[in-house]
Every structure is written in structure tokens, then in C-alpha cells.
Amino acid sequence: MILSPSLLSADFARLADELAALKAAGVQWAHLDVMDGSFVPNITYGPPVIAAMRKTSDLFFDCHLMIDEPGRYVDDFAKAGADLICVHVEATNHLERTCAAIAQAGCKPAVALNPATPLEAVRYLLPQLHMVLVMSVNPGFGGQAFIPFCLDKVRELKNMIIQAGASTLIQVDGGVTLDNCAELVAAGADVLVSGSAFFGHPPYDRRLRQFMERCGG
């Protein structure tokens with residue numbers, strides 16, 4: 001299991017320090033929530049801030065674009081230092097084209113699904129995706145409670161990936177805590193995003209260890 005702490009819950013005034021603390025704690029991924037105030041009601045940060053963070057950190061930047069028409073900005077995020085770019089099914093009319101552009105830009109392509117969006121939307125793309133993100137809350141704000149039916153969605157996606165003969169990772173984002181992380185991994189999740197349930201419980205090395213122990217890793 002990979003834990004990808006969401007910087008949405010970090011101290012924005014100390015992002016370089018937060019990234020360094022994550023690295024020191026043994027974290028390998030950082031989840032970057034990009035929100036545009038249109039696809040979701042909140043606004044966070046964009047390529048300039050990510051580029052500034054990249055200068056201070058070699059963590060794997062897991063960039064989750066909660067923005068309309070993300071294909072317009074693939075090159076910008078790639079140049080800023082994203083390692084993986086995840087776009088929403090609901091935000092683009094040309095999903096395959098956008099995923100191909102992400103790969104061409106040198107990043108790992110991923111696709112996110114809102115809680116009520118059917119898995120069928122990504123079935124044919126699985127062989128070319130590095131990861132599928134199952135949103136277990138409605139996107140836009142941190143600190144929300146996990147939506148229970150998303151556990152079944154993870155199980156169904158895992159079976160779909162096996163049937164396709166793909167090696168696509170499954171990420172879960174939203175309401176992930178110590179209480180449900182083991183169940184999510186057992187259902188097939190490979191990468192867990194945790195915001196307030198991680199950053200709100202320092203020191204980070206102990207919190208990472210708690211998550212890993214609960215998940216058997």
C-alpha cells in the first residue's frame with residue numbers, strides 16, 4: 001500500500017517544510033489537489049505553486065486535477081513537475097485524447113471518478129492508465145466522511161482490472177482514516193489519499209507507521 005498525504009490539509013504557509021517533513025517520515029508520494037472554482041466550488045493552486053514545490057522536493061507528485069477541460073493544461077502541469085496527472089471523467093469530453101497527451105508529456109496518466117460515476121466509463125482505457133482514482137466523497141473540500149458504497153466500487157474496479165489483464169493501480173480519496181484503510185486495501189486499493197486524518201496527527205513518521213500497520217504493510 002502507498003499512502004499519498006493530501007497537501008490540501010498541510011500548512012500552506014510552510015509547504016516546503018511540510019514536504020521535507022513528509023520525506024523525512026518515509027512518505028514517498030504527495031497528493032496535490034488542484035481545484036479551479038468551476039468543476040468544484042473551492043480554489044487551491046496551480047502550476048506555479050507546484051513548480052515552486054518541485055524545486056524543494058523529490059517526492060512523487062500525484063497531481064489530481066479537479067478542473068474543467070484539463071486537457072488544456074496537461075503540458076503546464078507536466079512542466080511544473082507532476083509525476084502523475086489525474087483527470088476527471090466528468091470534466092472532459094475527450095478522455096482518451098487527454099490521457100494520451102499526459103503520457104506524451106512524460107507523466108503517468110490517471111483518471112478519477114466521482115462517487116456516482118459508473119466504472120464503465122474507464123473500462124476500455126484501463127490498459128493505458130497507470131491508476132484509477134475512486135472518489136469516496138464528492139470532490140471540492142477536505143474533511144468529508146467516507147461514502148460507504150464506494151467500498152463496493154473498489155471491489156468491482158479490482159475485478160474489472162483483473163479481467164482486462166491490466167496492472168492499473170486503484171487509488172481511493174475521501175474520508176480515508178485508520179478505521180477504514182485496512183478494509184479498502186482488502187477490497188483492492190493500492191494507493192490511499194489521506195488529508196486531515198494524516199496531517200492532523202503528527203508526528204508524521206508515527207502516523208505513517210500507524211496506517212501501514214493497519215493495512216498490513
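This is a predicted model, so every value here is computed, not measured.

Participant: What's the story with the sheet that holds strand E7 (residues 169–173) in this structure? I'm lost.
Facilitator: Note: strands within a sheet are paired through backbone hydrogen bonds, in either parallel or antiparallel orientation. Across the sheet, eight strands lie side by side as E1-E8-E7-E6-E5-E4-E3-E2; this open sheet has parallel pairing. One side of each edge strand has no neighbouring strand; the edge strands of this open sheet are strand E1 (2–5) and strand E2 (29–35). Direction aside, the axes of adjacent strands within the sheet are offset by 25 degrees on average. Here strand E3 (residues 60–66) pairs with strand E4 (residues 84–88) via four bridges, running parallel.

Participant: Would you mind going over the UniProt feature "binding site: a divalent metal cation" (unreviewed entry) in the chain with me for this structure?
Facilitator: Mapped onto this numbering, the UniProt entry gives "binding site: a divalent metal cation" (unreviewed entry) at His-31, Asp-33, His-64 and Asp-173. Taking the farthest pair of C-alpha atoms as the criterion, the annotated set spanning 143 residues converges on one region, since that pair is 10.5 Å apart. Its location among the elements puts His-64 in strand E3. On the basis of relative accessibility, which here comes to 0%, the residue His-64 falls in the buried class. At 3.4 Å, the side chain of His-64 and the side chain of His-31 are in polar contact. On the secondary structure map, Asp-173 appears in strand E7. What makes Asp-173 buried here is its relative accessible area of 11%.

Participant: How should I be thinking about helix H1 (residues 15–25) in this particular structure?
Facilitator: Because each turn of an α-helix spans 3.6 residues, side chains separated by three or four positions in sequence point in the same direction. Looking at H1, one finds that the buried residues are Leu-15, Glu-18, Leu-19, Leu-22 and Ala-25. One side of H1 carries all its buried residues, which in axial view fall inside an arc of 125 degrees. Phi turns positive, to about 100 degrees, at Gly-26, one or two residues after H1.

Participant: Would you explain the environment of Gln-104 in this entry?
Facilitator: Considering the arrangement of structural elements, one finds Gln-104 in helix H4 (residues 95–104). Accessibility expressed as a relative area gives 75% for Gln-104, which makes it exposed. Taking the C-alpha atoms as reference, Gln-104 lies 22 Å from Ile-170; in sequence the two are 66 residues apart.

Participant: Can you walk me through the UniProt feature "active site" (unreviewed entry) in the chain in this structure?
Facilitator: Here the UniProt feature "active site" (unreviewed entry) sits at Asp-33 and Asp-173. A maximum C-alpha distance of 10.5 Å places the annotated residues, which cover 141 residues in sequence, within one compact spot. Tracing the backbone shows Asp-33 in strand E2. Residue contacts for Asp-33: discarding those within four places in its chain leaves Ser-6, Leu-8, Thr-44, Tyr-45, His-64, Met-66 and Asp-173. A polar contact is formed between the side chain of Asp-33 and the side chain of His-31, at a distance of 3.1 Å. Apart from residues no more than four positions distant in its own chain, Asp-173 is found in contact with His-31, Asp-33, His-64, Leu-133, Val-134, Met-135, Ser-136, Val-137 and Val-193.

Participant: I keep staring at the packing of aromatic side chains and nothing clicks. Help me out?
Facilitator: For any pair of aromatic rings, the description rests on two quantities: the centre-to-centre distance and the angle between the ring planes. Per the counting criterion, the structure on display carries five aromatic pairs. Ring geometry for Phe-199 against Tyr-204: centres 5.3 Å apart, planes inclined by 85 degrees, an arrangement best described as edge-to-face. Of the two residues, Phe-199 and Tyr-204, neither departs from the other in class, the shared state being buried. Site record: aromatic cluster; members linked through ring pairs are Phe-198, Phe-199 and Tyr-204. Just above the ring of Phe-61 sits the side chain of Arg-54; from NZ or CZ to the centre is 3.8 Å.

Calculation criteria
Residues numbered from 1 in each chain as written. Predicted model: local features only at pLDDT ≥ 70, side-chain atom pairs only at ≥ 80, totals over all residues. Heavy atoms only, no water. Pairing = 2+ DSSP bridges. Helix = DSSP H or I, 4+ residues; strand = E, 2+ residues; numbered from the N terminus. Axes fitted to C-alpha atoms, helices over the stretch in contact; angles between N-to-C directions. UniProt positions renumbered as here; feature names shortened; annotations may be inferred. Buried < 20%, exposed > 50% of the residue type's maximum accessible area, 1.4 Å probe, protein only. Polar contact = N/O pair within 3.5 Å; in protein donor to acceptor, adjacent residues only side chain to side chain. Arc of directions from axis to C-beta. Contact = heavy atoms within 4.5 Å. Phe/Tyr/Trp six-rings, centres within 6.5 Å; stacked < 30°, edge-to-face > 60°. Lys NZ or Arg CZ within 6 Å of the ring centre and 35° of its normal.

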